[in-house]
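Residue-level structural notes
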Amino acid sequence: MLEVKDLHIYYGQIHALKGISFAVAKGAIVALLGNNGAGKTTTLKAISGVLQPREGIIRLEGQVLNGLPPHRIVSLGIATVPEGRRVFQRLTVLDNLEMGAYARRDGEIAEDMERVFALFPRLKERRKQVAGTLSGGEQQMLAIGRALMARPRLLLLDEPSMGLGPMLVEQIFETIRDINQQGTTILLIEQNAAMALSIAQRGYVLETGRIVIQDTAQNLQQDETVRKLYLGEEVT
Ligand SMILES: Nc1ncnc2c1ncn2[C@@H]1O[C@H](COP(=O)(O)OP(=O)(O)OP(=O)(O)O)[C@@H](O)[C@H]1O
Ligand SMILES: [Mg+2]
């Protein structure tokens with residue numbers, strides 16, 4: 001579904017992505033792992049059209065995305081849950097969700113709102129509340145819900161577990177799996193490699209702008225380097 005080929009991104013002189021290639025198959029959950037500063041968010045920004053690649057190509061079902069502005073990419077079916085769960089702080093939950101549907105012209109927005117409330121009942125209870133006063137976990141739910149309101153075919157998630165307690169992390173990952181089972185393909189950026197690999201089929205490990213390991217999630221869970229560096233295990 002998504003194909004990224006030999007992608008190079010620069011911030012001025014800084015060569016942040018040094019020719020990365022990967023693919024996300026339709027219907028899959030693919031994990032993009034890596035430490036701080038590896039280039040995960042940069043990759044996501046390139047796919048969503050916020051950053052333009054100097055070299056390389058990004059395709060969605062064969063269509064080249066290079067050069068398209070972010071709103072066009074949303075209307076082609078790619079929605080993003082940005083790092084740090086940015087929601088519109090002064091708007092209510094309902095208004096935030098409606099903003100997520102801005103690119104749509106169809107009449108099924110109310111239906112999708114119900115679907116978001118079914119995934120996150122907490123948001124329904126708090127639909128009139130101003131987003132800035134939601135807890136961190138609730139804001140993450142809202143950020144995911146807002147992205148779903150675009151009815152994406154491909155959902156990009158940037159560290160959804162960041163800053164959340166273990167119970168909520170479990171719940172968010174279960175919901176990500178549900179969203180996938182309802183038909184949305186997912187690219188999941190995470191530092192929490194253990195959780196990400198538990199729901200993904202395939203994973204890529206990014207290190208200072210290069211993909212250094214790629215394999216099935218199952219193999220990555222067994223891989224010694226991955227276990228040592230990213231799963232926090234002592235490998236003897
Ligand atoms: N706007 C920017 N200007 C200059 N350099 C940047 C900018 N944004 C990111 N970088 C650099 O690009 C590299 C990759 O950053 P990126 O945000 O993609 O990392 P990341 O893998 O998402 O890390 P984290 O897990 O900490 O979020 C880093 O060295 C970072 O300092
Ligand atoms: Mg990041």
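Now for a quick tour of the structure. Predicted model only: the values in this text are computed from it and were never measured.

Remarks on the pattern of salt bridges
The full count for this structure, using the stated rule, is nine salt bridges. Of the charged contacts, one joins Glu138 and Arg122 as a salt bridge, the two residues approaching to 2.7 Å between their closest N and O atoms. Taken as a pair, Glu138 in helix H6 (residues 136–148) and Arg122 in helix H5 (residues 121–125) lie far apart in primary sequence, 16 residues in all. In this structure, Glu138 engages Arg126 in a salt bridge whose closest nitrogen and oxygen atoms are separated by 3.3 Å. Within this pair, whereas Glu138 is found in helix H6, its partner Arg126 is found in the loop between H5 and H6, the two being separated by twelve residues in sequence. One connected set of salt bridges, linked through shared partners, spans Lys26, Glu61 and Arg153.

Quick look at the sheet that holds strand S10 (residues 210–216)
In spatial order, the strands read S6-S7-S8-S3-S9-S10; together these six strands make up an open sheet with mixed pairing. Bordering the open sheet on either side are strand S6 (78–81) and S10, each of which pairs with just one other strand. The mean angle between the axes of side-by-side strands here comes to 15°, regardless of whether they run parallel or antiparallel. Pairing of strand S9 (residues 202–207) with S10 involves six bridges; the strand directions are antiparallel. Each residue of the ladder has a partner; that of Arg202, found in S10, is Thr216. Contacts from helix H7 (residues 166–181) reach strand S3 (29–33), strand S7 (154–158) and strand S8 (185–190), with the element oriented near 155° to S8.

Regarding H7
For H7, with 16 residues, the first-to-last C-alpha span of 23 Å sits near the 22 Å given by 1.5 Å per residue. Among all positions in H7, only Val169, Ile172, Phe173, Thr175, Ile176, Ile179 and Asn180 are buried. The buried residues of H7 occupy one face: seen down the axis, they fall within an arc of 160°. Looking at H7, the residues exposed on the side facing more than 90 degrees away from the buried face are Met167 and Gln181. Gly183 sits one or two positions beyond H7 and adopts a positive phi of about 115°.

What counts, and at which threshold
- Residues numbered from 1 in each chain as written.
- Chains lettered and ligands numbered in written order.
- Predicted model: local features only at pLDDT ≥ 70, side-chain atom pairs only at ≥ 80, totals over all residues.
- Heavy atoms only, no water.
- Salt bridge = Lys/Arg side-chain N within 4 Å of Asp/Glu carboxyl O.
- Helix = DSSP H or I, 4+ residues; strand = E, 2+ residues; numbered from the N terminus.
- Pairing = 2+ DSSP bridges.
- Axes fitted to C-alpha atoms, helices over the stretch in contact; angles between N-to-C directions.
- Contact = heavy atoms within 4.5 Å.
- Expected span 1.5 Å × (residues − 1).
- Buried < 20%, exposed > 50% of the residue type's maximum accessible area, 1.4 Å probe, protein only.
- Arc of directions from axis to C-beta.

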